[in-house]
Amino acid sequence: MTSKSHWKLLALALILVVVMVWYSISREDKYIEFFYFPISEKKEPCFQGEAERQASKIFGNRSREQPIFLQLKDYFWVKTPSTYELPFGTKGSEDLLLRVLAITSYSIPESIKSLECRRCVVVGNGHRLRNSSLGGVINKYDVVIRLNNAPVAGYEGDVGSKTTIRLFYPESAHFDPKIENNPDTLLVLVAFKAMDFHWIETILSDKKRVRKGFWKQPPLIWDVNPKQVRILNPFFMEIAADKLLSLPIQQPRKIKQKPTTGLLAITLALHLCDLVHIAGFGYPDASNKKQTIHYYEQITLKSMAGSGHNVSQEAIAIKRMLEMGAVKNLTYF
Ligand SMILES: CC(=O)N[C@H]1[C@H]([C@H](O)[C@H](O)CO)O[C@](OP(=O)(O)OC[C@H]2O[C@@H](n3ccc(N)nc3=O)[C@H](O)[C@@H]2O)(C(=O)O)C[C@@H]1O
Ligand SMILES: CC(=O)N[C@@H]1[C@@H](O)[C@H](O[C@@H]2O[C@H](CO)[C@H](O)[C@H](O)[C@H]2O)[C@@H](CO)O[C@H]1O
């Protein structure tokens, strides 16, 4: 090759790099994945009790006695008093809850209980999972926690196909439980209001459905086995709000700030697991109005206006957990 064509090639490569950098800055997620190398598929060493140790540094020791899922005995025999109303406690919703607990279950499955060390991954719904090729890595964890209606079918290469736990609420239950889950996936209800208990009861016991009281129409038919349904202890919502976001728990009616379901899932994982990794977390910058936020649909940050989340505060909380080594990130942050 002549030295002239050499220079031409070099100049071309330089222009390409400049364009890519410019594009990655203007569209954030779009080209960043070119510079991103997924972590190796080798299993991380897992130390029993490690996540619990980290959790106690963040959340204190109160959480040690708390069950992950609400139990019938605590409402049937003793009527556990709760300081807060939903979503931070069960005060005032006890009767509805009792009916739900009578038809669902609360146990942690033997397949999780029997593990010597629980390796968990919390899969957020963020766009940065797209083209990540992390599916194989995600499937290797003992416990894969997914959120809301995040699809698996058609995205296996990027997000995996295993779902051990899926957190949801009525308005986010628009997924086919049979297609997007495994036969033994635990469906964990995050209750925000008393009507959420009412909805799950009507669905599971095939009672007359209620349409009012939701910000979005929940499914009217939802084919799941009640024994796979669990009710998340609202204590985890309380400590996520209090310890991670410093939110006031008793808020004036109109503000209603709350953690995202993803942050709640990380809080849960730090109490259920020994090792906690995360993937697909992170929102675009507020000024980035065009960037799509999910790996599976084209919507922007605008869709979240009015949903009571402070995503920049959450990013600070996640960074803190990453820095102290409480969690590790499989994508970039
Ligand atoms: C319109 C609206 O209310 N959107 C909310 C949606 C919506 O209700 C469901 O998707 C419906 O199925 O749910 C939320 O969240 P969503 O279902 O979008 O995402 C689940 C969790 O993934 C993390 N995430 C998501 C996108 C992104 N770019 N970065 C992220 O870190 C977040 O931790 C997020 O919680 C929710 O429940 O938290 C929060 C969103 O505000
Ligand atoms: C009082 C009321 O229903 N408020 C609704 C919010 O709960 C809801 O936020 C959504 O509420 C969900 C619980 O139901 C989750 O917290 C979700 O992350 C959050 O985005 C927004 C959605 O745009 O609509 C308001 O009218």
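This one's a predicted model, so the numbers in the text were calculated from it and none came from an experiment.

K.L.:
Before we go on, may I ask you to explain the pairing of strand β1 (residues 119–123) in this structure?
P.N.:
Every other side chain in a regular strand lies on the same face of the sheet, so the side chains alternate between the two faces. The buried fraction of β1 is high, at five of five residues. Burial of the side chains of β1 extends over both faces: Arg119, Val121 and Val123 are buried on one face and Cys120 and Val122 on the other. Bridge analysis of β1 against strand β6 (residues 275–279) gives five bridges, and the strand direction is parallel. By the bridge assignment, Val123 is partnered in β6 with Ala279. Of the pairings in the sheet, the one linking β1 to strand β2 (residues 143–147) comprises three bridges and is parallel in character. By the bridge assignment for β2, Val121 is matched with Val144.

K.L.:
Just to check I follow, could you spell out the site of ligand 2 for this structure?
P.N.:
Close to ligand 2 lie Tyr169, Glu171, Phe192, Trp215, Lys258, Gly306, Ser307 and His309. Trp215 has a polar side-chain atom sitting 2.8 Å from an oxygen atom of ligand 2. In isolation ligand 2 exposes 540 Å². Once the protein is present, 63% of that is buried. For the shell around ligand 2, the class distribution of residues is three nonpolar, three polar and two charged.

K.L.:
What is the right way to read the side chain of Thr163 from this model?
P.N.:
With respect to the element layout, Thr163 can be found in the loop between α8 (156–159) and β3 (165–168). A distance of 2.9 Å separates the side chain of Thr163 from the side chain of Arg146, its partner in a polar contact. Beyond its immediate chain neighbours, meaning those up to four positions away, Thr163 contacts Val144, Arg146, Val152, Glu180, Asn181, Asn182 and Thr185.

Conventions used here
Residues numbered from 1 in each chain as written. Chains lettered and ligands numbered in written order. Predicted model: local features only at pLDDT ≥ 70, side-chain atom pairs only at ≥ 80, totals over all residues. Heavy atoms only, no water. Buried < 20%, exposed > 50% of the residue type's maximum accessible area, 1.4 Å probe, protein only. Helix = DSSP H or I, 4+ residues; strand = E, 2+ residues; numbered from the N terminus. Pairing = 2+ DSSP bridges. Near = heavy atom within 4 Å. Polar contact = N/O pair within 3.5 Å; in protein donor to acceptor, adjacent residues only side chain to side chain. Areas by Shrake-Rupley, 256 points an atom, 1.4 Å probe, with all protein chains shown as cover. Nonpolar A, V, L, I, M, F, W, Y, C, P; charged D, E, K, R; others polar. Contact = heavy atoms within 4.5 Å.

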